[in-house]
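# Coordinates in review
Each chain is listed here by its residues.
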Amino acid sequence: MSSYAVLVSPSANRVYAGAAAALTIAELAVLGETVLAGRLGDAHQEEVAGVGYVTFDGDLGAAGLAHIANLSTAFALFERTDDGAFRPVRLDRLHCLDDDLLTILKYQGKTNEVFTKLLINVTVLGSHSAGRMLTDRLRVLDPLCGRGTTLNQVLMYGWHASGVDRDAKDFDAYAAFLRRWLQDKRLKHTATVAKLRRDGQTLGRRLDVELAISKERWAAGDTITVSSALADTRATAEIFRSGSVDAVVTDAPYGVQHGSHGGGGVRRQPLDLLAEALPGWVSVLRPGGAVGIAVNTRTCPRDQALALLANAGVEPRDTAAYRGFEHRVDRAIERDIVVGVKSE
Ligand SMILES: C[S@@+](CC[C@H](N)C(=O)[O-])C[C@H]1O[C@@H](n2cnc3c(N)ncnc32)[C@H](O)[C@@H]1O
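I will try to describe carefully the structure that is included in this document. (Residues numbered from 1 in each chain as written. Predicted model: local features only at pLDDT ≥ 70, side-chain atom pairs only at ≥ 80, totals over all residues. Heavy atoms only, no water.)

On to the nonpolar core, then. Ranked by size, the top nonpolar core spans 76 residues in total, and within it Leu28, Phe56, Ile68, Leu155, Trp159 and Val226 carry the most contacts. Here this core takes eight residues from helix α5 (residues 113–126), the largest share from any one element. Each residue touching Ile68, except ones within four places of it in the same chain, is listed here: Leu28, Leu31, Leu36, Leu40, Phe56, Leu60, Ala74 and Leu77. By size, the runner-up hydrophobic cluster in this structure holds 32 residues, among which are Val245, Leu271, Val282 and Ile293. (Core = buried A, V, L, I, M, F, W, Y, C linked by side-chain atoms within 4.5 Å. Buried < 20%, exposed > 50% of the residue type's maximum accessible area, 1.4 Å probe, protein only. Helix = DSSP H or I, 4+ residues; strand = E, 2+ residues; numbered from the N terminus. Contact = heavy atoms within 4.5 Å.)

Our next topic: the site of the ligand. The ligand sits among 22 residues. The nearest are Tyr107, Thr111, Thr149, Asp165 and Thr233. Within the backbone of Arg166, an N or O atom sits 3.3 Å from a nitrogen atom of the ligand. Starting from 600 Å² of accessible surface for the ligand in isolation, the protein chains cover 91%. Per-class residue counts for the shell around the ligand are seven nonpolar, six polar and nine charged. (Near = heavy atom within 4 Å. Polar contact = N/O pair within 3.5 Å; in protein donor to acceptor, adjacent residues only side chain to side chain. Areas by Shrake-Rupley, 256 points an atom, 1.4 Å probe, with all protein chains shown as cover. Nonpolar A, V, L, I, M, F, W, Y, C, P; charged D, E, K, R; others polar.)

Attention shifts here to the sheet that holds strand β3 (residues 51–58). By way of backbone hydrogen bonds, the strands of a sheet pair with one another, either parallel or antiparallel. Here we have five strands laid out as an open sheet, ordered β2-β3-β1-β4-β5, and antiparallel in their pairing. Both outer strands of the open sheet, β2 (44–48) and β5 (86–89), are each paired with one neighbouring strand and no more. Sheet twist, expressed as the average angle between the axes of neighbouring strands with direction ignored, equals 40°. In the packing of helix α2 (residues 20–33) onto the sheet, the strands contacted are β1 (2–8), β2 and β3, and the crossing angle to β3 comes to about 10°. (Pairing = 2+ DSSP bridges. Axes fitted to C-alpha atoms, helices over the stretch in contact; angles between N-to-C directions.)

We now examine the pairing of strand β8 (residues 189–198). Note that β8 and strand β9 (residues 201–211) share ten bridges and pair antiparallel. By the bridge assignment, Ala194 is partnered in β9 with Arg206.

Side chains that carry opposite charge are capable of pairing whenever their charged atoms lie near each other. Applying the stated rule across the entire model yields 19 salt bridges. Measuring nitrogen to oxygen at the nearest pair gives 2.7 Å for the salt bridge that ties Asp246 to Arg132. Separated by 114 residues along the polypeptide, Asp246 in strand β11 (residues 245–251) and Arg132 in the loop between α5 and β6 (139–142) bring together distant segments of the chain. Among the ionic pairs, Glu276 bridges to Arg234, the shortest N-O distance being 2.6 Å. (Salt bridge = Lys/Arg side-chain N within 4 Å of Asp/Glu carboxyl O.)

Mapped onto the elements, Thr297 comes out in the loop between β12 (285–296) and α11 (302–311). A polar side-chain atom of Thr297 sits 3.0 Å from a polar atom in the side chain of Glu326. Excluding anything up to four places from it in sequence, Thr297 contacts Arg302, Glu326, Glu334 and Asp336.

Position of Gly61 relative to the elements: it lies in helix α3 (residues 61–69). Accessibility expressed as a relative area gives 44% for Gly61, which makes it partly exposed. Spatially, the C-alpha atom of Gly61 lies 41 Å from that of Ala277, the residues being 216 residues apart in sequence.

Here's what the structure looks like:
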């Protein structure tokens, strides 16, 4: 067993204010009951020389450290020696593209990128693909993808990304951004936008992108794909092949007016949308795949969201670790994460 201390990134502290350490502890707890079962002790918040850390004991090895490296809030990791010194531990993240892929686009309604990474991590960790997340190119669908924060984080991991959104402005903005970014970075790619047709009907449009992280990878055919659809999310099962994605990860509408979160005007019930859309989302999940949804518990209470998951045929992950993610965003939004797994 070694003792470790994680320094939480300043960006996570900015997003979560006082909750960054608690969310880091919850994410570590999910690691401790999934891929690092039996190798990770409980984590705690601790102040050392006036600076806050999240500390834990673990028997990690290289693969364990690689999982810790991808913790959504990790800025730096130290191993604590017997005499109390902090020895820096190298963090080899999955990240295979420049970070500005996540930060350039700024717009109202964007899901914070640190939170998006947390949501992806805890969903995939809950799935039966968790053991492959450091080695394989998984496929993740965000069926309410907006301007692509989830898609971009999935690309950062070197995984395949799929998305659906019905907002044409969001679809066009994401397509334009991704093409421009790939050109600016001089990454080999192809990108096409075409009509999305099913059974002789036009459902909307689709963006298909294929890229590689280097010329050598492109030449070797080792590519990453993005396919995003402009369509209603309730048509997901008609757009993507059944059983084709490892995880469905999404930030559901919060049921408050954009731009008036402080006022908290409730616009529509996100529960209705989830009830109608979930069966289609679950059908494109492979057996053992997981669905993870960020919800505003003010308009979409946790127990009701979990009941919807169960009704759609996915078993809720509702252990103490998965119950540790609720946090305040503002006066109208208490955000939580619900995760469920499709049986094999
Ligand atoms: C909370 S936002 C997601 C933001 C996204 N994560 C991002 O960072 O850009 C929810 C999204 O759901 C989309 N949406 C709501 N109802 C929909 C529906 N029935 N079909 C498809 N998209 C829908 C909205 O257009 C919005 O982009």
